Number of protein chains: 2
Amino acid sequence: MYRTPTHIGIIPDGNRRWATYNGLNKEDGYEHGLMPGLRLLRAAEERGVKELTYYGFTVDNCKRPKAQVNAFSDACCKAVELIVGEGVDVFVVGNTESECFPQCLVPYTTRGREQNGKMRVNLLINYGWEWDMKNGWCSRDIPRIDMVIRWGGMCRLSGFLPLQTVYSDFYIVEDLWPDFKEEHLDAALEWYSRQDVTLGG
Amino acid sequence: MYRTPTHIGIIPDGNRRWATYNGLNKEDGYEHGLMPGLRLLRAAEERGVKELTYYGFTVDNCKRPKAQVNAFSDACCKAVELIVGEGVDVFVVGNTESECFPQCLVPYTTRGREQNGKMRVNLLINYGWEWDMKNGWCSRDIPRIDMVIRWGGMCRLSGFLPLQTVYSDFYIVEDLWPDFKEEHLDAALEWYSRQDVTLGG
């Protein structure tokens, strides 16, 4: 039987490398990560996944050059707009008190308590694990993550929700995020269904 | 230039599978993981690694059948004895207040403050990430981990020091832990030296 993860974490890494390989400025990569995010969402929903959490950007990412910060901030606003258009439940977690937090996303920072059967999509925006910890783990409304899929070849969490990922299986895609293909998700799901889930037991 | 990790986390998984494949009872696998642990320590020290943290066993592991619990508990006592014999600094972190904690390891649960230039070797014994968190992260004397190497093919942390591993690179060895070879460490170090360390930036 095919065991499907309930909740997948998405680390969409490699936008800047993709831009460089394609002769663009680094900051032009993020825009090319938007449609992949939407296609992944639709594919995951079709395959029975109930919840997705995207790693948008972190407090530390905001120390990058201004052109990049503006570009990923804009891309996150557009991403949320696209995702809302899918009729899913959207929840944004991050430090809203710093100027790096895009104002357009403030309306999404409270999670509805109702379980309305819709897919749930969380986005970490201006997130930081130390910020999360200092605030008594304010990401606690995001539940345990079964599998983390990371694009761009690195095998690391980079501060992505330390408590929700303690038992997650990590699947790494070598391709860069803007080169997302549904086949990546299918391969990850197939791999996941072969993992022995013990939750530390 | 060859970039060496300062601090490596070791998840020595696969002892029970190894025992089964070799026609033994599951609990007989742990004993076969002892010498690999010592050989790894020596090899890491030779290669300039300054600190190792071994995942011994967890609070949750203690729910396993008694024969297994006794076997891994004994193996951990013997492991510490062997490691102490190497003249390194030994530090044990775990819940000393439950009966599952081996009494022989109590003397190692306080860390010396002196930096005496010796290699530092930490072991998590009767550790639990929730226990760690509830106690104000009492593992805080163990510093950030640069790379985690896990044997036995799984790509997950299984509750291993959530805060120290936020920026760690994870290297997975397919072979089971009792089949440890120095080549595994060399491959991991070679791989690590090719990773781009950003610490979330």
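Note: the structure precedes this text.
Before we go on, may I ask you to explain the relation of the copies chain B and chain A in this structure?
Think of it as a corkscrew move, a rotation about one axis and a shift along it, taking one chain copy to the other. It takes a turn of 180° to lay chain B on chain A, together with a shift of 0.0 Å along the axis; the resulting RMSD is 0.0 Å. Put plainly, the chains are arranged around a two-fold axis. The C-alpha atom lying nearest the rotation axis in chain B is that of proline 162 of chain B; the distance is 2.8 Å. The fraction of interface residues of chain B whose copies in chain A are also interface residues reaches 100%, indicating that both copies meet through the same surface.

Help me understand the pattern of salt bridges, please; the structure alone is not making it clear to me.
Oppositely charged side chains can form a pair if their charged atoms are brought close together. All names here are of chain A. This structure, assessed with the given rule, holds 26 salt bridges over all chains. Between lysine 63 and aspartate 60 there is a salt bridge whose closest N-O contact spans 2.8 Å. Under the relative-accessibility criterion, lysine 63 is labelled exposed at 67%. In this structure, the salt-bridge partner of aspartate 146 is arginine 144, at a minimum N-O distance of 3.4 Å. For arginine 144, a relative accessible area of 40% translates into the label partly exposed. Members of the salt-bridge network, linked through shared partners, are Glu46, Arg47, Glu182 and Asp186.

Help me out: how do you make sense of the interface of chain B and chain A in this one?
Between chain B and chain A, the residue contacts involve 28 residues of the former and 28 residues of the latter. Contact with chain A buries area across many residues of chain B, yet Cys155, Arg156 and Val166 of chain B alone supply 24% of it, more than any other trio. Residue arginine 156 of chain A pairs with aspartate 169 of chain B through a salt bridge whose shortest N-O separation is 2.8 Å. Linking chain B with chain A are twelve residue pairs in polar contact (both at pLDDT 80 or more), by the criterion used here. Counting only elements with at least two residues in the side of chain B that touches chain A, the list comes to helix H4 (129–134) and strand E6 (169–173) of chain B. When its residues are assigned to classes, the side of chain B that touches chain A shows 14 nonpolar, nine polar and five charged.

Before we go on, may I ask you to explain the sheet that holds strand E6 (residues 169–173) of chain A in this structure?
Hydrogen bonds between backbone atoms are what pair the strands of a sheet, whose relative direction is either parallel or antiparallel. All names here are of chain A. Ordered in space as E3-E4-E2-E1-E5-E6, the six strands form an open sheet in which the pairing is parallel. At either margin of the open sheet sits one strand with a lone partner, and together these are strand E3 (89–93) and E6. Neighbouring strand axes in the sheet, compared pairwise and without regard to direction, differ in orientation by 20° on average. Where E3 lies against strand E4 (residues 120–127), five bridges are found, and the strand directions are parallel.

Would you mind showing me how to read the pairing of E6 of chain B here?
A regular strand places its side chains so that they alternate between the two faces of the sheet. Residues and elements named next belong to chain B. Extensive coverage of E6 is indicated by the burial of four of its five residues. Pairing of strand E5 (residues 147–151) with E6 involves five bridges; the strand directions are parallel. Residue tryptophan 151 lies in a different strand from E6, and its bridge partner there is valine 173.

Can you help me understand the sheet that holds strand E3 (residues 89–93) of chain B in this one?
Residues and elements named next belong to chain B. Read from one edge to the other, the open sheet built from six strands follows the order E3-E4-E2-E1-E5-E6, with strand pairing classed as parallel. Unpaired on one side and paired on the other, E3 and E6 mark the two borders of the sheet. Taken pair by pair, the neighbouring strands of this sheet meet at an average axis angle of 20°, ignoring direction. Where strand E2 (residues 51–58) lies against strand E4 (residues 120–127), seven bridges are found, and the strand directions are parallel. Counted as the bridge partner of tyrosine 54 is leucine 123 from E4. Of the strands in this sheet, E2, E3 and E4 are in contact with helix H3 (residues 66–84), which crosses E2 at around 160°. Contacting strand E1 (7–11), E5 and E6, helix H5 (residues 182–193) crosses the sheet at an angle of about 150° to E6.

What counts and how
Residues numbered from 1 in each chain as written. Chains lettered and ligands numbered in written order. Predicted model: local features only at pLDDT ≥ 70, side-chain atom pairs only at ≥ 80, totals over all residues. Heavy atoms only, no water. Least-squares fit on C-alpha atoms with pLDDT ≥ 70 in both. Contact = heavy atoms within 4.5 Å. Salt bridge = Lys/Arg side-chain N within 4 Å of Asp/Glu carboxyl O. Buried < 20%, exposed > 50% of the residue type's maximum accessible area, 1.4 Å probe, protein only. Buried area = accessible area lost by both parts, 1.4 Å probe. Polar contact = N/O pair within 3.5 Å; in protein donor to acceptor, adjacent residues only side chain to side chain. Helix = DSSP H or I, 4+ residues; strand = E, 2+ residues; numbered from the N terminus. Nonpolar A, V, L, I, M, F, W, Y, C, P; charged D, E, K, R; others polar. Pairing = 2+ DSSP bridges. Axes fitted to C-alpha atoms, helices over the stretch in contact; angles between N-to-C directions.

Shape is all these values report; function is a separate question.
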